[in-house]
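# Observations on the model geometry
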Amino acid sequence: MTLPISSLANMEFALYGGVSGNMNCPSYINGYKAGNLSSYYNPYGYSGIGQTPWGTNQGVNQGVNQGVNIGQGVGQTNSQAGTQGATTTAGSDMETLVNYYAGNLEPSESLASAVIMGGVSGALMMNPRYIAHPINSFKGLKDVKEMFKSVKVDGSDLNKLWKENPTVMQDAYFRMHKAASRANSKLGLFRKRYTDAEYKELKKIMQEALDSKDIQKIAEASKKLENAYISNGHIPSLWNKIRGQKVTTVAEKLADNAGIKEGAEALIKSNKMSYLNRFKHSLGGKMAILFAGVEILTNIGKIKTAFQHDKENPNGEKLGMKQLGQTTVKAVANTVGWAAGEAAGIWAATKLGATIGTAFGPGVGTVIGGVAGLIGGSIGMWLTGKATKALVGDDVANKVEAKKLAQTTEGKAQLLSLVAEKAQKNEDVPQNVMFAAQNVAATMA
């Protein structure tokens, strides 16, 4: 992964053959500004009486009296400044930029973004109908709201059922809403609209199950609606026609009694599942395996880079196996973190689902139950990501890549671009990195 070179930097190369080292003139390294950033880069510059990048004139006087060294900071004695200044070379400046760039190739994710990505984004990705058919999703609320309206009535049959079996009841509400939404007009590229007869049949199945007050029948009705949600749109129908296969009908899926009963039993068991069993189930789940695979796939390039480094430097440090180990540890951590978090989220939602659904309505309870596992999984993976980074450190291939950039003029500009971008965004950039950027930019002028 590398950051793109700014088009302005490219223009500067075309006009002047390099990056300007004059911090008082607009250039790429100071964000094409002469003033605020240039005074920040310049340890001797300050905007007014009594003001310096470090505070007051007292700091400047102290720096003048004791000797200021750009590479080492302020407040050292002349002898110390001279000794340490001798070690501040172009090579050390470049090494500073290389380390800074490599350390920023793996941007850290905040807990808030993990929750948003896991909950909102994850739910939308798993249920694209809310994006593709928002109007239909809204219209579908009418029928399902009517069918489940007594859930909030304390002491009613549905209220008791929801309190005792929140997972089953949430699934029933969710499946009925999908069916009601699909009964409205749509293009039918992937799934055709239910006919009036099909929807009436599905609605009848769920209503009779709710009227029976039998949780087994409600679970079976939920699985019948899930089975009936077939992909019979124009695109899958054409694909099946090309392969010489027949598209399964809604009626055929409703007649799959064996599969429906098996699914209903699993749904009822999940309502009382312990955390440990949920963790085992999540550990082998699609999402946990998916995130492990994503970690490996996105790091294949780094693994190749590390092994290529070993090939080019047979007597140097062996980085290939180290990078492979780092990637493997992170992949395993993603799997375990997601499984542990998802199980915790679902377990907590099950415990609270009865209260949420009966107090705020079945719709709210179902939404929270649906995203709880996604949010929990994302938080779990975020936590294990923090732990594994502390354990294995930054990917060793990052520094190999950064060192390669330092070998070319364009690559050096890319290293400088990161410092400039951070400074322009008012992000905290270490002072030694700012000074190193200034020195390197000056050598490229």
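What counts, and where the lines are drawn
Residues numbered from 1 in each chain as written. Predicted model: local features only at pLDDT ≥ 70, side-chain atom pairs only at ≥ 80, totals over all residues. Heavy atoms only, no water. Helix = DSSP H or I, 4+ residues; strand = E, 2+ residues; numbered from the N terminus. Buried < 20%, exposed > 50% of the residue type's maximum accessible area, 1.4 Å probe, protein only. Areas by Shrake-Rupley, 256 points an atom, 1.4 Å probe, with all protein chains shown as cover. Expected span 1.5 Å × (residues − 1). Arc of directions from axis to C-beta. Contact = heavy atoms within 4.5 Å. Salt bridge = Lys/Arg side-chain N within 4 Å of Asp/Glu carboxyl O. Axes fitted to C-alpha atoms, helices over the stretch in contact; angles between N-to-C directions. Parallel < 35°, antiparallel > 145°, perpendicular 65-115°, else oblique. Left-handed = near helix turned anticlockwise from the far one by under 90°. Nonpolar A, V, L, I, M, F, W, Y, C, P; charged D, E, K, R; others polar. pLDDT = per-residue confidence, 0-100. Core = buried A, V, L, I, M, F, W, Y, C linked by side-chain atoms within 4.5 Å. Phe/Tyr/Trp six-rings, centres within 6.5 Å; stacked < 30°, edge-to-face > 60°.

With that settled, the discussion passes to the overall build of the chain. Helix and strand counts for the chain come out as 24 helices and zero strands. When burial is assessed residue by residue, the chain has 42% of its 445 residues classed as buried. Split by element, the accessible area of the chain, about 23,500 Å² in all, is 59% carbon and sulfur.

On to helix 16 (residues 257–271), then. For helix 16, which comprises 15 residues, the first-to-last C-alpha distance of 21 Å matches the rise-based estimate of 21 Å (1.5 Å per residue) to within 8%. All of the buried residues along helix 16 are I260, G263, A264, L267, S270 and N271. Projected down its long axis, helix 16 shows its buried positions confined to an angular sector of 125°, all on one face. Looking at helix 16, the residues exposed on the side facing more than 90 degrees away from the buried face are A258, E262 and K269. Its buried side turned inward, helix 16 meets helix 10 (157–164), helix 11 (166–182), helix 13 (215–228), helix 15 (250–254), helix 17 (275–283) and helix 20 (320–360).

Attention shifts here to the environment of Y130. Its place among the elements puts Y130 in helix 7 (residues 129–132). Considering only alpha carbons, one finds Y130 and K178, 48 residues apart in sequence, at a separation of 9.9 Å. Dropping the residues within four chain positions of it, Y130 is found in contact with L124, S137, F174 and H177.

With that settled, the discussion passes to unusual backbone geometry. Phi is positive for K213, which is not a glycine, with a value near 60°. Note on placement: K213 falls in the loop between helix 12 (196–212) and helix 13. Overall, the relative accessible area of 45% leaves K213 in the partly exposed class. Of note in this structure, N426 is not a glycine but carries a positive phi near 60°. Along the chain, the position of N426 falls in the loop between helix 23 (409–424) and helix 24 (431–444).

Turning our attention to the pattern of salt bridges. Within this structure, the stated rule accounts for 14 salt bridges. Where K163 meets D154, a salt bridge forms, and the shortest distance between an N and an O atom there is 3.2 Å. Residue K163 is classed as partly exposed on the basis of its relative accessible area, which comes to 40%. Salt bridges sharing common partners tie together D171, R175, K223 and E226.

At a minimum axis separation of 8 Å, helix 17 and helix 20 run at an interaxial angle of 135°. Relative to helix 20, helix 17 is oriented oblique. Here helix 17 runs over helix 20; the crossing is right-handed. Contact with helix 17, carried on its side by Y275, R278, F279, S282 and L283, involves T335, V336, A339, A340, E342, A343, A344, I346, W347 and T350 of helix 20 and no other residues of that element. The residue makeup of the contact of helix 17 with helix 20, split by class, is ten nonpolar, three polar and two charged.

We now examine the environment of G373. Looking at the element boundaries, G373 is found in helix 21 (residues 362–392). Every residue in contact with G373, bar those within four places of it in the chain, is listed here: W338, E342, G345 and I346.

Once that is clear, we can look at helix 19 (residues 300–312). Across its 13 residues, helix 19 extends 18 Å between first and last C-alpha, which sits within 8% of the 18 Å expected from 1.5 Å per residue. If you check which residues of helix 19 are buried, you get K302, I303, T305, A306, H309 and D310. Projected down its long axis, helix 19 carries its buried residues within an arc of 160°, all on one side. Among the exposed residues of helix 19, those pointing more than 90 degrees away from its buried face are K304 and K311. Looking at the buried positions of helix 19, the neighbouring elements they touch are helix 20 and helix 22 (396–405).

Below, the discussion takes up the confidence of the model for the chain. Mean pLDDT for the chain: 80, with 79% of residues reaching 70 or above. The least confident element of the chain is helix 3 (residues 57–66), whose mean pLDDT is 38; the most confident is helix 12, at 96. Low pLDDT, under 50, characterises residues 34–88; the predicted model gives this stretch 72 contacts beyond four residues in sequence or across chains.

One finds F148, M169, M176, Y194, M206, L210 and I218 to be the most contacted residues of the largest nonpolar core, which totals 34 residues. Where this core is concerned, the elements lending two or more residues are helix 9 (141–147), helix 10, helix 11, helix 12, helix 13, helix 15 and helix 16. Here this core takes seven residues from helix 11, the largest share from any one element. Contact partners of M169, with chain neighbours within four places excluded, come to F148, L158, L161, W162, L210, I215 and I218. Grouped together as the second largest cluster of nonpolar side chains are 23 residues, M94, V98, L405 and A406 included.

The next subject is the environment of E95. Mapped onto the secondary structure, E95 falls in helix 5 (residues 90–103). In the structure, E95 is positioned 307 residues away from A402 in sequence and 9.5 Å away in space, judged by C-alpha atoms.

Applying the stated criterion to the full structure yields two aromatic pairs. With a centroid separation of 5.2 Å and an interplanar angle of 70°, the aromatic rings of F148 and Y173 are classed as edge-to-face. In this pair, F148 is assigned in the loop between helix 9 and helix 10 and Y173 in helix 11, connecting sequence segments 25 residues apart. Like F148, the residue Y173 is buried in the burial classification. Aromatic pair F291 and W338: ring centres 4.9 Å apart, planes at 40°, arrangement tilted.

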